[in-house]
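Architecture at a glance
The chain contents come next:
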Amino acid sequence: MHRTSVTEPMYARHARAADRGAWSVERDVDWANIDRARALAQPELLGKLRDAALIESFHPVNLSRLIRFTWDDIDAGVVFSLEMFEGFKHFHVLRRYLDDVGYAPTITAEDLRAIRVGADRGDLDPSDPVGPLVEFMLSEHLAAYFFRRLSAQADEPQLKQLLARIAADEVRHAQSASDLIAARLAADRSLVPLVLQAAATFRHYGTEAVGDVPVAMEGDDTAIRTFAERIERLCGMRLVDWHKARLEEVP
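Summary of the structure given here.

1. Some words on the pattern of salt bridges
A full pass over the atoms with the stated rule returns 12 salt bridges. Measuring nitrogen to oxygen at the nearest pair gives 2.7 Å for the salt bridge that ties Arg16 to Glu8. Ionic pairing is found between Arg65 and Glu208, a salt bridge with its closest N-O pair at 2.9 Å. Here Arg65 is found in helix α4 (residues 59-69), whereas its partner Glu208 is found in helix α10 (residues 207-210), with 143 residues between them in sequence. A network of salt bridges, in which partner residues are shared, links Arg65, Arg203 and Glu208.

Structure follows, in structure tokens:
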């Protein structure tokens, strides 16, 4: 008797990956041994973390759009549900760290409300079935490099470990979004130009929360190169070649 082969749903793989990568704010950060003086000796780095915490707090606004946008996609629903929780965890742990070391200005409830009230909360364009996913994927891709670079720059040991954990989460989030886009392209290759266009006009969703999104390294060549490589893997075409072809079409 042969057992029928059943293809594992994408959402099961993503849920398993999230479980393997799970860490605890309470148990995996040694709060009692944070070196406050060492942390406060890097105020510029802490200022970037404050902006990052505000961006992470904005996740429910951005992800609620994506959930409505992909309401009929079971895999997307799981991906964004996991991301919403983990985004909250990133916000919570960063805010707690900043409060514990005594960084000022503190993040207030008014700050958190203000970035939501001022955000553009209009519905996404239903005629573009991949653009919002590309924005999400590339935002998470760059976030992974941001937290990884800051981890390398941080002198305070607990912060260094914490940022490395967050960076690993962001790598997984970017890959989850990439998998969602790949599934849509596999079903309809006519969407490839929309992916390329979205990448070419990319804007980090964090600009809605803080204006200028913080960077850990100006002109990060590796982050930019891998950004382009991610798009090429999805589309089978280099972004620079697509740009060139578009320019050649102009009379």
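2. Focus: the nonpolar core
Grouped together as the largest cluster of nonpolar side chains are 39 residues, with contacts concentrated most on Leu46, Leu49, Val93, Leu94, Tyr97, Phe147 and Leu159. For this core, the secondary-structure elements that each account for two or more residues are α3 (43-57), α5 (74-101), α6 (109-117), α7 (131-153) and α8 (157-187). If you tally residues by element for this core, the top one is α3, at 7 residues. Apart from the residues within four sequence positions on either side, Tyr97 is in contact with Trp31, Ile34, Ala39, Leu46, Glu156 and Leu159. In this structure, Ala76, Leu133, Val134 and Leu138 belong to the second largest nonpolar core, which totals 28 residues.

3. Here we look at the environment of Phe58
On the secondary structure map, Phe58 appears in the loop between α3 and α4. Expressed as a C-alpha distance, the spacing of Phe58 and Ile231, which sit 173 residues apart in the sequence, is 25 Å. Residues in contact with Phe58, not counting those within four places in the same chain, are Arg65, Ile115, Arg116, Ala119, Tyr205, Glu208 and Ala209.

4. Some details on the packing of α4 against α5
Where α4 contacts α5, the axes come no closer than 10 Å and their chain directions differ by 180 degrees. Comparing the axis directions of α4 and α5 gives the class roughly antiparallel. Of α5, the residues touching α4 (which contributes His59, Pro60, Leu63, Ser64, Leu66 and Ile67) are Phe80, Glu83, Met84 and Gly87. Residues of the contact of α4 with α5, tallied by class, amount to 6 nonpolar, 3 polar and 1 charged.

5. Describing unusual backbone geometry
What you tend to see is this: most non-glycine residues have negative phi, and most peptide bonds are trans. Across the junction of Ala104 and Pro105, the peptide omega takes the value 5 degrees, indicating a cis bond. Mapped onto the elements, Pro105 comes out in the loop between α5 and α6.

6. Brief notes about the environment of Ala183
Mapped onto the elements, Ala183 comes out in helix α8. The spatial distance from the C-alpha of Ala183 to the C-alpha of Asp169 is 21 Å, given a sequence separation of 14 residues.

7. Overview of the packing of α7 against helix α11 (residues 221-235)
It is the contact of α7 with α11, at a shortest axis distance of 10 Å, that shows an interaxial angle of 150 degrees. Overall, the two elements α7 and α11 adopt an arrangement that is roughly antiparallel. Handedness of the α7/α11 crossing: right-handed. Along its contact with α7, which presents Val134, Met137, Leu138, His141, Leu142, Tyr145 and Arg149, the element α11 presents Thr222, Ala223, Thr226, Phe227, Arg230, Ile231 and Leu234. For the contact of α7 with α11, the residue count by class is 9 nonpolar, 3 polar and 2 charged.

8. As for α4
Restricting attention to buried positions, one finds in α4 the residues His59, Val61, Asn62, Leu63, Arg65, Leu66 and Phe69. In the core, the buried residues of α4 are packed alongside α3, α5, α6, α7 and α10.

9. Things to note about α11
Between the first and last C-alpha of α11 there are 21 Å, a value that for 15 residues agrees with the 21 Å anticipated at 1.5 Å per step. For α11, the set of buried residues is Ala223, Thr226, Phe227, Arg230, Ile231, Leu234 and Cys235. All buried residues of α11 lie within an arc of 170 degrees about the axis, which places them on one face of the element. Residues of α11 that are exposed and angled more than 90 degrees away from the buried face: Asp221 and Arg233. In this structure Asp220 caps α11, since a side-chain oxygen of it lies 3.2 Å from the backbone nitrogen of Thr222. Trailing α11 by a residue or two, Gly236 shows a phi angle of about 70 degrees, which is positive.

Scoring rules and cut-offs
- Residues numbered from 1 in each chain as written.
- Predicted model: local features only at pLDDT ≥ 70, side-chain atom pairs only at ≥ 80, totals over all residues.
- Heavy atoms only, no water.
- Salt bridge = Lys/Arg side-chain N within 4 Å of Asp/Glu carboxyl O.
- Helix = DSSP H or I, 4+ residues; strand = E, 2+ residues; numbered from the N terminus.
- Core = buried A, V, L, I, M, F, W, Y, C linked by side-chain atoms within 4.5 Å.
- Buried < 20%, exposed > 50% of the residue type's maximum accessible area, 1.4 Å probe, protein only.
- Contact = heavy atoms within 4.5 Å.
- Axes fitted to C-alpha atoms, helices over the stretch in contact; angles between N-to-C directions.
- Parallel < 35°, antiparallel > 145°, perpendicular 65-115°, else oblique.
- Nonpolar A, V, L, I, M, F, W, Y, C, P; charged D, E, K, R; others polar.
- Left-handed = near helix turned anticlockwise from the far one by under 90°.
- Expected span 1.5 Å × (residues − 1).
- Arc of directions from axis to C-beta.
- Polar contact = N/O pair within 3.5 Å; in protein donor to acceptor, adjacent residues only side chain to side chain.

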